[in-house]
Amino acid sequence: MPVKEKVKISKGLKNVYFDRTATGSVDPAGVLLYRGYNIHDLAEHSSFEETSYLLLNGALPTRTQLEQFDARCRASRELPSEILEIIRLSKSAHPMDVLRTAVSAMSGFDPDALDKSPAAVSSKGLRLAAAAPTIVAAHARIRDGGEVVPPNSGLAHAANFLYMLSGEEPDPRDARLMDKDLVLHAEHGVNASTFAARVAAATQADFYAAMTAAIAVLKGPRHGGAAEGAKKMALGIGSEDNAKRYIEDLRKGGERVMGFGHPVYRAVDPRSVHLKADAKSLGERKGQPKWFSILQAVTTVMEPYAKRGHHPNVDLWSGAIYSLLDISDDLFIPIFALGRIPGWTAHLMEQYARKDILRPRLLYDGPIDLEYLPIEQRS
């Protein structure tokens, strides 16, 4: 007979702190910090390269340090021919499946794949952050019947990604907007994918195994799919005049309004503040202002529910921005992953330094001591 214990069950591990971190802070009041720096400052003044350096090294770089870091990133964008062949063989798969498979396979091309020292993990994180956009862009080109566009070492990280997708150098304003989006997605506490990565690291699984776990978890629509869901919602609404009825019907049916609410924030998602203004200006510049108008109408309809925590989040506006940049819907989640690699890496460095395995428990509430009957006696 099992020993009965007095236990407190925290569904979803909500508000359960399992360790400390110096990587970032997600405050319910709507404050997001990377290594102590406010996301508002980073979004307005930093770049993805500089933010990546901050997360991987714990401090902002000097000019020389950033130049050296950027040079290493640009030199790490090329993929082994074998990885490109894997992408070609799996061209019909979902982009997240291809990214997951390619990242896992990259362990075979790292002679130090099992090295989990802080310096080695940081270096792997840099190389993967540089190479992952090439994986996503190469797959997008191959599945659409086009030729792979090699990385352009003359372009910064975000601009190069857009270049590899389209084959044309992007408008600097579009490149800056993608850069900001990646900065805003670079770190966000111990969300589901980060927790998966840390669980893997706690077992001392290698860097590529932990990254593969994170990417696999991010694919789940409850975690990474909200931007695509917000885009589909906007398409379903069709016009700002239809927003009120559409949202009311959703809520009556008990369905989620995509792009609103967050498991942690009880105030406006600080990341959404930046992308909202950018979505408006981008829509006007592209001659498609209706998408912003529709989503703005949705936010007006949702205002009465803000007191329950249903504030706009980053996904509400990011999906509109990706669409206006002519990016396919199924690339929205991979772009999330591209931004999050530095944050995942920082968490892996922390977890590899810990001795404890992450091993929560489940309270058994099934039957006890059932009689085993031979198969002949079972009806």
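For the structure, check the block above.
Small disclaimer: the values here were computed from a predicted structure and weren't measured.

Colleague: Honestly, the overall build of the protein in this entry has me stumped. Any pointers?
Modeller: Broken down by element type, the protein carries 16 helices and three strands. The C-alpha atoms of the protein give 22 Å as radius of gyration, which agrees with the globular expectation for 379 residues (21 Å, within 12%). In terms of its C-alpha atoms, the protein occupies a principal-axis envelope of roughly 70 × 60 × 45 Å. Relative to its full complement of 379 residues, the protein shows a buried share of 50%. The contacts of the protein with a sequence gap of at least 6 include a subset with a gap of at least 24, amounting to 77%. When the accessible area of the protein is evaluated, it comes to approximately 19,000 Å², of which 52% is carbon and sulfur surface. For the protein, the distance from the average position of its 47 positive side-chain charges to the average position of its 46 negative side-chain charges is 6 Å.

Colleague: What am I meant to see in the packing of helix α5 (residues 95-105) against helix α10 (residues 207-218) here?
Modeller: Axis angle and axis distance: for two packed helices, these are the angle between their axes and the distance between the axes, and together they describe the pair. Contact geometry for α5 and α10: axes closest at 9 Å, N-to-C directions at 175°. In this view, α5 runs roughly antiparallel relative to α10, as classed from their interaxial angle. Of the residues in α10, those in contact with M96, L99, R100, V103 and S104 of α5 are Y208, M211, T212, I215, A216 and L218. Classifying every residue of the contact of α5 with α10 gives eight nonpolar, two polar and one charged.

Colleague: Please explain the packing of aromatic side chains as it appears in this structure.
Modeller: Taken as a whole and judged by the stated rule, the model has five aromatic pairs. Centroid distance Y53 to F69: 5.4 Å. Interplanar angle 80°. Geometry classified as edge-to-face. Placement of Y53 in helix α2 (residues 48-57) and of F69 in helix α3 (residues 63-75) is noted, with a sequence separation of 16 residues between them. An identical accessibility class is assigned to Y53 and F69; each is buried. The ring of Y305 has R251 lying over it, and the distance from NZ or CZ to the ring centre is 3.7 Å. Directly above the ring of W291 sits K290, whose terminal nitrogen or CZ lies 4.6 Å from the centroid.

Colleague: I tried to follow α2 on my own but got confused; where do I start?
Modeller: With nine of ten residues buried, α2 is to be regarded as a mostly interior element. Every buried residue belonging to α2 is among F48, E49, E50, T51, S52, Y53, L54, L55 and L56, and all of these are buried. Positive backbone phi, approximately 85°, marks G58, located one or two places after α2.

Colleague: Any chance you could explain the environment of E255 here in plain terms?
Modeller: Examined against the element boundaries, E255 turns out to sit in the loop between α12 (243-252) and α13 (270-285). Separated by 129 residues in the primary sequence, E255 and L126 place their C-alpha atoms 39 Å from one another.

Colleague: Whenever I open this one, the pattern of salt bridges confuses me. Can you help?
Modeller: Side chains bearing opposite charge may pair, as long as their charged atoms lie close to each other. Under the counting rule described, the total for this entry stands at 21 salt bridges. With a shortest N-O distance of 2.4 Å, E248 and K244 are connected by a salt bridge. With E248 and K244 both in helix α12 and four residues apart, the pair spans about one turn of that helix. With its nearest N and O atoms 2.8 Å apart, the salt bridge here joins K280 to E284. In this pair, K280 and E284 both sit in helix α13, four residues apart, roughly one turn of the helix. Owing to a relative accessible area of 48%, E284 belongs among the partly exposed residues under this scheme. The network of salt bridges with shared partners includes D171, R173, D174, R285 and K286.

Colleague: Got a minute to help me understand the sheet that holds strand β1 (residues 24-27) in this structure?
Modeller: Consider a sheet: its strands pair through backbone hydrogen bonds, and that pairing is either parallel or antiparallel. Spatially, the three strands line up as an open sheet ordered β1-β2-β3, and their pairing is antiparallel. A strand with exactly one partner marks an edge of an open sheet, and here the two such strands are β1 and β3 (37-38). One ladder, built from two bridges, connects strand β2 (residues 31-34) with β3; its direction is antiparallel. Across the sheet, the residue bridging to Y34 is Y37, located in β3.

Colleague: Explain the side chain of H311 here, please?
Modeller: Inspection of the secondary structure assignment puts H311 in the loop between α14 (290-302) and α15 (314-324). According to the relative accessible area criterion, H311 is buried, its value standing at 17%. Here A306 takes part through its backbone oxygen, which lies 3.2 Å from a polar atom of the side chain of H311. Non-local contacts of H311, meaning those with residues more than four positions away in its chain, are made with G259, F260, G261, R266, A267, V268 and A306.

The rules behind these values
Residues numbered from 1 in each chain as written. Predicted model: local features only at pLDDT ≥ 70, side-chain atom pairs only at ≥ 80, totals over all residues. Heavy atoms only, no water. Helix = DSSP H or I, 4+ residues; strand = E, 2+ residues; numbered from the N terminus. Rg over C-alpha atoms; globule rule 2.2 N^0.38 Å. Buried < 20%, exposed > 50% of the residue type's maximum accessible area, 1.4 Å probe, protein only. Contact = heavy atoms within 4.5 Å. Areas by Shrake-Rupley, 256 points an atom, 1.4 Å probe, with all protein chains shown as cover. Lys, Arg positive; Asp, Glu negative; His and termini not counted. Charge placed at Lys NZ, Arg CZ, Asp CG, Glu CD. Axes fitted to C-alpha atoms, helices over the stretch in contact; angles between N-to-C directions. Parallel < 35°, antiparallel > 145°, perpendicular 65-115°, else oblique. Nonpolar A, V, L, I, M, F, W, Y, C, P; charged D, E, K, R; others polar. Phe/Tyr/Trp six-rings, centres within 6.5 Å; stacked < 30°, edge-to-face > 60°. Lys NZ or Arg CZ within 6 Å of the ring centre and 35° of its normal. Salt bridge = Lys/Arg side-chain N within 4 Å of Asp/Glu carboxyl O. Pairing = 2+ DSSP bridges. Polar contact = N/O pair within 3.5 Å; in protein donor to acceptor, adjacent residues only side chain to side chain.

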